[in-house]
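Residue strings, one per chain:
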Amino acid sequence: MAERILVIDDDIVNLKIAEHVLEKDYNVTCAKSGMEGIDILKSNDIDLVLLDLYMPEMNGMDVLAKIREDASISAVKVVILTSSGMKTDVTEAIRLGALDFIKKPFFPTEFLDRIKKVLNIAKKDNILVVDDDKMNLAIVHKMLGIRYDVTCVSSGMDAISYLNNNVPDMILLDLHMPEMNGLEVLEKIREQDNLSDIPVVFLTADNDRKTEIDIFKAGAMDFIQKPFIAEVVIQRISRILELYHYQKSLQQEVDRKTAELRESNRKVTNVLSQMIMALGSAIDAKDAYTNGHSERVARYSGELARRMGKSTQEINDIYYIGLLHDIGKIGIPDYIINKAGKLTEEEYELIKNHPNIGADILSSITEMPGISFGAHWHHERFDGKGYPDGLAGEDIPEVARIICVADAYDTMTSKRVYRDILPQKVARDEILKGRGTQFDPVIADYMLEMIDEDTEYQLHE
Ligand SMILES: [Fe+2]
């Protein structure tokens with residue numbers, strides 16, 4: 001529902017102009033005098049009053065004072081309409097809680113913009129004022145009391161105990177106080193996490209450079225000179241609060257977006273890992289005898305990586321690369337993969353092509369360039385006598401050297417078409433024999449360590 005605006009102005013032309021500009025966006029009521037305006041206010045729910053300052057009988061300031069005196073209407077927002085050239089008693093109007101001053105004649109767009117801003121001021125901000133001088137507290141309270149929720153305390157200790165249970169939107173802090181001065185209070189405030197970013201403004205009669213530097217060094221937002229000039233105090237405070245709320249909402253927005261991004265990242269990562277798992281199962285399903293081979297090779301590779309001191313992220317990557325190492329077998333006819341008898345030379349050449357096929361398939365995943373390394377080079381040998389490229393030593397990517405050891409171990413410790421599971425000792429001897437020739441010696445040592453720890457010979461199950 002549109003917000004309700006009451007325009008109080010003795011000049012009919014002004015009323016008509018304001019009504020014309022506002023009526024598209026708001027519910028507008030007009031009053032030609034202060035008395036009429038107050039009557040309307042009392043019997044209607046009004047969100048904002050636009051108040052002409054110069055009217056006969058009862059001028060704008062009198063109307064404003066009357067509004068603030070009457071508890072049933074005192075909370076209404078008021079914006080003062082002033083005429084250029086006339087001297088306005090801004091200080092008193094601000095003290096009475098006028099939220100803005102708009103000069104007539106006004107530009108409609110700017111006028112609407114300012115009205116919108118005032119209507120958007122939602123709750124009253126809480127301001128804690130700390131000053132050992134009761135007179136100063138009273139002055140500040142009088143200046144700010146209508147616009148803000150003001151809490152006054154007269155010592156640093158009282159401020160600290162208030163802050164243990166309350167988080168204000170701003171703190172006004174007297175610099176010179178007995179026992180605990182303003183800078184000491186600020187130091188204590190900054191120690192508390194929930195108070196660390198609340199704007200603190202110092203109140204001081206000092207006007208030397210050193211005080212200014214000390215105040216800003218301590219992390220204050222600003223300082224206000226005593227004796228106070230209401231207009232300056234209110235303008236400064238409202239600017240700082242506006243900035244503070246803006247920063248806060250910006251931070252909330254950043255936090256919200258970050259959480260969203262994290263969640264969508266998590267989903268993408270999950271989908272990716274589920275797809276790789278599904279692919280791994282698809283590869284294993286092709287070979288009836290070595291079912292589960294890809295998953296076991298992935299598991300051994302991950303464990304080797306862990307023992308080698310890799311990070312969690314690297315271990316995960318190596319696990320997935322291990323899962324996909326035989327993906328090229330998808331391109332080899334089933335009858336060759338599942339053949340019970342000895343392979344012909346031609347069939348063997350076809351099988352030997354699975355690393356290249358695998359590398360081709362995975363090369364399309366450009367976001368993870370390393371994902372094809374395992375599939376491509378897990379049949380290379382450390383001495384350079386492997387295939388498909390005859391790479392040697394550290395020219396073979398480390399992940400492929402890891403998978404090579406894991407793959408050999410699983411081949412020996414799982415049932416084949418032509419033989420049963422080999423005894424653990426035979427598998428161990430083969431790894432030891434291949435150390436430095438077929439396998440990277442360091443990785444082979446980690447494999448030997450794993451075998452030796454597996455006293456029940458259960459690793460392969
Ligand atoms: Fe293979």
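Criteria and cut-off values
Residues numbered from 1 in each chain as written. Predicted model: local features only at pLDDT ≥ 70, side-chain atom pairs only at ≥ 80, totals over all residues. Heavy atoms only, no water. Domains from an automatic or database assignment. Helix = DSSP H or I, 4+ residues; strand = E, 2+ residues; numbered from the N terminus. Polar contact = N/O pair within 3.5 Å; in protein donor to acceptor, adjacent residues only side chain to side chain. Contact = heavy atoms within 4.5 Å. Donors = N, O, S within 2.8 Å, 3.2 Å for Na, K, Ca; no water. Tetrahedral: all angles 85-135°; square planar, octahedral: opposite > 155°, others 65-115°. Buried < 20%, exposed > 50% of the residue type's maximum accessible area, 1.4 Å probe, protein only.

Asker: Summarise the domain arrangement of the chain; cite the residues concerned and give the values.
Answerer: Structurally, the chain comprises domain 1 (4-120), domain 2 (126-254) and domain 3 (287-453). Measuring from the centre of the C-alpha atoms in domain 1 to the corresponding centre in domain 3 gives 82 Å.

Asker: For the side chain of Asp52, give the residues involved together with the corresponding values.
Answerer: Here Asp52 lies in strand 3 (residues 48-52). Among the polar contacts listed, one links the side chain of Asp52 to the side chain of Lys104, at a separation of 3.0 Å. With sequence-adjacent residues up to four places away left out, Asp52 is seen in contact with Ile8, Asp9, Asp10, Gly60, Leu81 and Lys104.

Asker: Please set out the coordination of the iron ion residue by residue, giving values where relevant.
Answerer: Here the iron ion is held by Asp326 (OD), His354 (NE2), His378 (NE2) and His379 (NE2), and the distances to it run 2.2 to 2.4 Å. Taken together, the 4 donor atoms surrounding the iron ion define angles of 82 to 166° at the centre, an arrangement classified as irregular. We note that the donor set of the iron ion lies within a single chain, spaced as D-x27-H-x23-H-H. Within this pair, whereas His354 is found in helix 15 (residues 354-362), its partner His378 is found in the loop between helix 16 (373-377) and helix 17 (398-412), the two being separated by 24 residues in sequence.

Asker: A description of unusual backbone geometry should follow, citing residues and the corresponding values.
Answerer: Note that the residue after Lys104, namely Pro105, is joined by a cis bond; omega there is -10°. Mapped onto the elements, Pro105 comes out in the loop between strand 5 (98-104) and helix 5 (108-120). Following Lys226, the chain continues into Pro227 via a peptide bond in cis, with omega recorded as -5°. Position of Pro227 relative to the elements: it lies in the loop between strand 10 (222-225) and helix 10 (230-286). Backbone geometry at Glu57 places phi at a positive 60°, although glycine is not the residue there. Residue placement: Glu57 occurs in the loop between strand 3 and helix 3 (60-69). Owing to a relative accessible area of 82%, Glu57 belongs among the exposed residues under this scheme. The phi dihedral of Glu179 is positive, around 65°, even though this residue is not glycine.

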